[in-house]
Amino acid sequence: MFTRRKFITTSSVAFAGGATGLANARDARGKPESVPRQDKSYSRSLPAYEGLAPGQPGRDYTPVITPNNQSLPWKVVDGVKVYHLIAEPVDHEFAPGLKAKCWGYNGRVHGPTIEAVEGDKVRIYVTNKLPAGTSVHWHGLLLPNGMDGVAGLNQKIIRPGETFKYEFTLVQHGTHMYHSHHDEMTQIALGTTGPLVIHPRNPSRPRPDRDFVFMLHEWRIDVGTSRPNPNEMTDFNIFTFNARSFPGTAPMVARLDDRMRIRLINLGAMSHHPIHLHGYQFPIVETDGGQIPESAQQLETSVLTAVGQSRAFEFTANEPGDWAMHCHMTHHVMNQMGHDFPNLIGMQAGDLDQQIGSLLPGYMTMGTDGMGEHGMHVQSGHMQVPKNSIPMVGGPGPFDYITMGGLFTILKVRENLASYDDPGWYEYPQGTVASLASDSDLRRDGIQVARSQP
Ligand SMILES: [Cu+2]
């Protein structure tokens with residue numbers, strides 16, 4: 001059993017020893033220790049963190065990358081890292097063609113990533129420029145009760161125009177989040193969340209070369225409107241990585257053999273997301289509750305991230321290519337236009353288009369063999385979508401139209417990259433792409449294909 005006494009012993013060894021690290025500690029006989037937990041009693045004094053210099057990028061950590069967003073700037077004042085969050089209305093673009101009036105922080109949806117190092121003392125100012133009261137909760141952090149940010153319970157509501165000050169020492173590391181804790185239903189639905197990444201002071205694993213963080217979210221933006229609907233409980237129609245839907249998601253770019261970490265945080269209203277990465281197997285190394293000891297890690301290809309949870313996984317980018325990463329809930333890789341229509345699969349449309357077209361010029365029946373071509377028809381001008389709305393699926397790809405939307409992005413792994421800018425589409429080595437089978441292939445392998453139409 002893991003006792004407080006044992007924690008203190010483990011923790012003082014870890015910090016006194018410098019590079020020992022918190023996870024995977026072993027005793028003198030090489031047997032794994034109990035899993036060291038992070039200190040749950042903030043009120044106890046924290047001598048291990050006294051006198052530590054504020055962590056610096058490069059020296060103490062490799063900064064995270066927040067695709068389609070960025071980290072919040074900070075400065076050091078008398079040894080304290082000082083940040084300033086401004087909660088405010090933001091006009092935000094989800095993908096080309098769809099904008100909405102959201103609420104976020106510092107001109108962004110979601111808020112910029114707050115980055116710090118275990119042991120840092122932080123002071124975070126929160127200015128409220130929203131038309132309503134707000135507060136900020138530091139989700140998953142171990143901190144004094146009065147800094148926890150639940151409006152009404154732990155502090156007064158931050159009224160419009162007011163600036164509050166939060167101050168605490170970071171006594172843990174990992175992937176966390178911040179979000180409004182006042183009228184959550186409305187404020188989180190409009191976007192008031194952000195990632196909060198705390199790097200370990202003494203990492204137990206090698207630092208990643210590429211460290212990506214994604215905030216997952218879901219929205220209801222009715223076609224023709226520009227305000228996410230916070231009253232929606234079940235029927236969301238926009239799903240986002242860092243508040244962007246495919247084809248608006250920026251790819252992750254990596255050099256061959258880069259050490260990768262991908263952090264997922266879900267602060268949507270209702271849905272859990274199994275995020276699936278193609279081409280790799282990987283262990284989940286961290287939850288928002290801390291590191292998972294190596295002995296308890298198992299290889300995965302999908303990472304279920306529930307509302308209010310974070311997960312981080314690691315792998316080496318040792319297979320070049322353009323690899324999809326997406327939610328495996330099929331309706332979460334679709335966009336806004338559609339869903340609420342009858343099932344037309346297998347229907348014989350006949351001359352319906354012609355008949356209706358005489359009343360509604362440009363009318364086109366879709367869905368008799370699926371919705372994969374919706375975006376293509378829109379893009380080529382056969383079909384129109386209402387103003388400020390995006391088709392159900394995707395964008396152009398190197399071979400054909402990519403029939404995905406929403407929670408879909410791409411990991412681009414390349415040899416010989418000059419920079420981490422988007423390198424364009426992968427150039428496949430000759431003979432490595434699935435292609436039309438030739439008659440001689442079919443003959444050689446004895447594959448008989450009936451020539452009749454389905
Ligand atoms: Cu999902």
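Bear in mind that the values here come from a model prediction, so they are computed numbers and not experimental data.

The rules we used
Residues numbered from 1 in each chain as written. Predicted model: local features only at pLDDT ≥ 70, side-chain atom pairs only at ≥ 80, totals over all residues. Heavy atoms only, no water. Helix = DSSP H or I, 4+ residues; strand = E, 2+ residues; numbered from the N terminus. Buried < 20%, exposed > 50% of the residue type's maximum accessible area, 1.4 Å probe, protein only. Contact = heavy atoms within 4.5 Å. Areas by Shrake-Rupley, 256 points an atom, 1.4 Å probe, with all protein chains shown as cover. 1 Å grid on protein atoms, 1.4 Å probe; cavity = no way out; pocket = protein on both sides within 12 Å on 5 of 7 lines; lining within 4 Å. Points joined across faces, edges and corners; volume = space filled by probe spheres on them. Nonpolar A, V, L, I, M, F, W, Y, C, P; charged D, E, K, R; others polar. Donors = N, O, S within 2.8 Å, 3.2 Å for Na, K, Ca; no water. pLDDT = per-residue confidence, 0-100. Pairing = 2+ DSSP bridges. Axes fitted to C-alpha atoms, helices over the stretch in contact; angles between N-to-C directions.

Trainee: Could you clarify how one ought to interpret the overall build of the protein in this entry?
Mentor: Secondary structure assignment for the protein yields 5 helices and 23 strands. In the protein, which comprises 454 residues, the proportion classed as buried is 50%. The long-range fraction of contacts in the protein, counting pairs at least 24 apart against all pairs at least 6 apart in sequence, stands at 74%. Accessible surface for the protein amounts to roughly 22100 Å². Of this, 53% is attributable to carbon and sulfur atoms.

Trainee: Honestly, the layout of surface pockets in this entry has me stumped. Any pointers?
Mentor: Vacant regions in the atomic arrangement are exposed by a probe of water-molecule size rolled over the atoms. As a volume, the largest pocket reaches approximately 410 Å³. Taken together, 20 residues make up the lining of the largest pocket; nearest its centre are Asp-322, Trp-323, Ala-324, Phe-399 and Tyr-428. Contributions of two or more residues to the lining of the largest pocket are made by strand S20 (321-327) and strand S23 (408-414). The biggest single contributor to the lining of the largest pocket is S20, with 5 residues. Within the lining of the largest pocket, the residues separate by chemical class into 13 nonpolar, 4 polar and 3 charged.

Trainee: Even after reading the chapter, I still don't get empty space enclosed by the protein, so can you show me in this structure?
Mentor: The tally for this structure, following the rule as stated, stands at 4 cavities of 30 Å³ or more. Put simply, the largest cavity is a space of about 150 Å³. Lining the largest cavity are 19 residues, with His-199, Pro-200, Pro-203, Pro-208 and Arg-261 sitting closest to its centre. Of all the secondary-structure elements, those providing two or more residues to the lining of the largest cavity are strand S9 (193-199) and strand S13 (259-266). Along the lines of polarity and charge, the residues of the lining of the largest cavity split into 6 nonpolar, 6 polar and 7 charged.

Trainee: What am I meant to see in the coordination of the copper ion here?
Mentor: In ideal tetrahedral geometry, four donors around a metal make angles of 109.5 degrees, whereas ideal octahedral geometry with six donors gives angles of 90 or 180 degrees. Around the copper ion, the protein contributes the donor atoms His-273 (ND1), Cys-327 (SG) and His-332 (ND1), which lie 2.0 Å from the metal centre. Written as a sequence motif, the donor arrangement for the copper ion is H-x53-C-x4-H. With His-273 in strand S14 (residues 273-277) and Cys-327 in strand S20, the pair connects residues that are 54 residues apart, well separated along the chain. For His-273, a relative accessible area of 0% translates into the label buried.

Trainee: I tried to follow the confidence of the model for the protein on my own but got confused; where do I start?
Mentor: Residue-level pLDDT values for the protein average 87, and 83% of them are 70 or greater. Predicted confidence for residues 1-36 stays below pLDDT 50, and this span has 47 contacts to residues more than four positions away or in other chains.

Trainee: In this structure, what is going on with the sheet that holds strand S4 (residues 114-117)? I would like to understand it.
Mentor: Strands in a sheet are paired, the pairing made by backbone hydrogen bonds, and the direction either parallel or antiparallel. Pairing in this open sheet of 4 strands is mixed, and the strands run S4-S9-S8-S6 from one edge to the other. Whereas interior strands pair on both sides, the edge strands pair on one side only; in this sheet they are S4 and strand S6 (136-139). Ignoring which end each strand starts from, the neighbouring axes of this sheet average 20 degrees apart.

Trainee: Sorry if this is basic, but what is going on with the pairing of strand S3 (residues 98-105) here?
Mentor: Side chains on a regular strand alternate between the two faces of the sheet. S3 sits mainly inside the fold: 6 of its 8 residues count as buried. Bridge count for strand S2 (residues 80-95) against S3 is 8 bridges, and the pairing is antiparallel. Across the sheet, residue Glu-93 finds its bridge partner in S3, namely Lys-99. In this structure, the hairpin formed by S2 and S3 is closed by a connection of 2 residues, where Gly-97 is found at a positive phi of approximately 105 degrees.

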